[in-house]
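Now for the letters of each chain:
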Amino acid sequence: MSRTDVLIAERSVHWMVITDEASQSFDHNLADDALATSVFAWLQSNGVNSAAAVLAPASTSCFFASLNPSKDIDVRDRASLAFELEDHLPIDAESFVADYVVCDDKNVAAIAIEYRRWKSIADSFESVGLPIRSIVPESILVARAMLESGDATGDVRLMLVNGDQVDAIGIVNQRVCSWKHLPLDSQSLIRHKKLEGFSAASLIAVSDQIQSVQTIADVFGNVETYTEPTPTYCFQGASLYLADRSGPWFELRRDKLAPTDRFRSVRKNLRFLALAASLFLLALALGGWYRSKRIDDEVSSIRARQETLFKQAYPGTKAPGAIVRRVRSEHARMMGARGATLIDVPIAAPVVLRSLLSSLPLEVRFQIQALAINNGEVSLDLAVRSPVDAGAIATALSAGGFSVDPPVTTQKDAQTFSSTIKAKWAGRGESVAKTGSST
């Protein structure tokens, strides 16, 4: 199921909710819970079942300041910057959430919002099932959309018109370094021009109102104009935030405004990870069961063949549980009846291997490179650190019940010797009657 990007933007007289296919306004005076319920119901009526949203406060709900912190303050220390910002805002540090962008070595741009109000709004949307991924002022969304689309390059001054108001945003090195919200009239624009200075930057106006663009042009002269409605750029910026939250861009969904579920943004990936882990464990269990079943089937097949051969050799006799032992016993009885002498049964390799491994010394470092066991005779190829170690291993095998030949040791490199040890197990094997008839 694909996810739908949703922008919830605050305006002076209403809330505007925008998706890639539709938009709808809602009463600005609605309570937070009522607003969230209404927006969620509207999204469902438009077939939106999975969504992630960006909450965009209006410019009048935000505070902006350009800081010049002292050298003693680390710009990565958010707590110190918050108290530094407190001196520039009409609100105490405990009441706002802020984010910062380093413009150059001396200046830091900061945006803050009052956290209680926006936490209540964000929590209301989360409670109805609409996750708020980011909280970003609408004007910042427009600026990011224009920069990343290539419409604005270099040092730029953006004039974002919204009715009879304008947001003047200064961008330096792809970073928002200044932001003023002012009335759209000649006197205010002239004052802003004198305070900010625009000689080294291009000017871009975003407005679908010709008269507004003309007012800006009368004050600033040459103005590059984009007539796309501001909500179009705003939604594009929101989609960029939902796709990638990295880069020198403000993000107010943090600190006291951070989501309760820290893993909410990666919850889908975590579900896929859990599913993959479950499938892996299931495959592991099925693999073990299948291997066990194959072994059981092979054992059953061998048992069935043994029973068939036993019935052919001893017609009318019920096959015993230990068929091999019964056959050996019958063979020994038959050989004894014929007066045969006893012969040694080949010694089982597992018996010799157990004795060999239990006899190897623990205090000597070595590496087994090859091992062959044939009827009690052992050929052991080792990598050791010195001929003395090979001798110690041979001595240990002798003490463990093996008849050992002197090791043949050659130097492999500066630190390693190759040694071959021949040994014969001195333990007793099973005996059966030796084939032959007495004369």
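Located above this text is the structure these notes cover.
Owing to the predicted nature of the structure, the values given are computational and were not obtained by experimental measurement. (Residues numbered from 1 in each chain as written. Predicted model: local features only at pLDDT ≥ 70, side-chain atom pairs only at ≥ 80, totals over all residues. Heavy atoms only, no water.)

With that out of the way, let us pick up the environment of tryptophan 249. With respect to the helices and strands, the residue tryptophan 249 is situated in the loop between α7 (230-243) and α8 (267-313). Taking the relative accessible area as the measure of exposure, tryptophan 249 reaches 9% and is therefore buried. In the structure, tryptophan 249 is positioned 75 residues away from glutamine 174 in sequence and 9.4 Å away in space, judged by C-alpha atoms. If we ignore the near neighbours within four places in the chain, the residues touching tryptophan 249 are Asp99, Val101, Ile140, Ala143, Arg144, Leu147, Glu148, Gln174, Val176 and Tyr241. (Helix = DSSP H or I, 4+ residues; strand = E, 2+ residues; numbered from the N terminus. Buried < 20%, exposed > 50% of the residue type's maximum accessible area, 1.4 Å probe, protein only. Contact = heavy atoms within 4.5 Å.)

What follows is about the sheet that holds strand β5 (residues 62-67). Whether parallel or antiparallel, the strands of a sheet pair through hydrogen bonds between backbone atoms. Ordered by their spatial adjacency, three strands build an open sheet running β5-β7-β6, and the pairing between neighbours is antiparallel. Pairing within the sheet leaves two strands with one partner each, and these edge strands are β5 and β6 (96-102). On average, each strand axis in the sheet is inclined to that of its neighbour by 20°, with strand direction left out of account. Examined bridge by bridge, β6 and strand β7 (residues 108-114) share seven bridges and lie antiparallel to one another. Across the sheet, the residue bridging to aspartate 99 is isoleucine 111, located in β7. Packed onto the sheet, helix α2 (residues 78-86) meets β5, β6 and β7 and runs at close to 105° relative to β6. (Pairing = 2+ DSSP bridges. Axes fitted to C-alpha atoms, helices over the stretch in contact; angles between N-to-C directions.)

By size, the foremost hydrophobic cluster in this structure holds 65 residues, and its most contacted members are Leu7, Ile8, Phe125, Ile140, Leu141 and Leu158. Discounting chain neighbours no more than four positions away, the residues touching phenylalanine 125 are Ile8, Leu35, Ala36, Val39, Leu130 and Ile132. Leu382, Ala390, Leu397 and Ala423 belong to the second largest nonpolar core, which has 18 residues in total. (Core = buried A, V, L, I, M, F, W, Y, C linked by side-chain atoms within 4.5 Å.)

Tracing the backbone through its elements, the reader meets alanine 53 in strand β4 (residues 51-56). In the structure, alanine 53 is positioned 82 residues away from isoleucine 135 in sequence and 8.9 Å away in space, judged by C-alpha atoms. Non-local contacts of alanine 53, meaning those with residues more than four positions away in its chain, are made with Val6, Ile8, Leu130, Pro131, Ile132, Arg133, Ser134 and Leu242.

With seven of its seven residues buried, strand β1 (residues 4-10) lies for the most part within the structure. Side chains Thr4, Val6, Ile8 and Glu10 project from β1 onto one buried face, and the interleaved Asp5, Leu7 and Ala9 project onto a second face that is buried too. The pairing of β1 with β4 spans six bridges and is parallel. By the bridge assignment, valine 6 is partnered in β4 with alanine 53. In this structure, β1 lies alongside strand β2 (residues 14-18), joined through four bridges in antiparallel fashion. Residue alanine 9 lies in a different strand from β2, and its bridge partner there is methionine 16.

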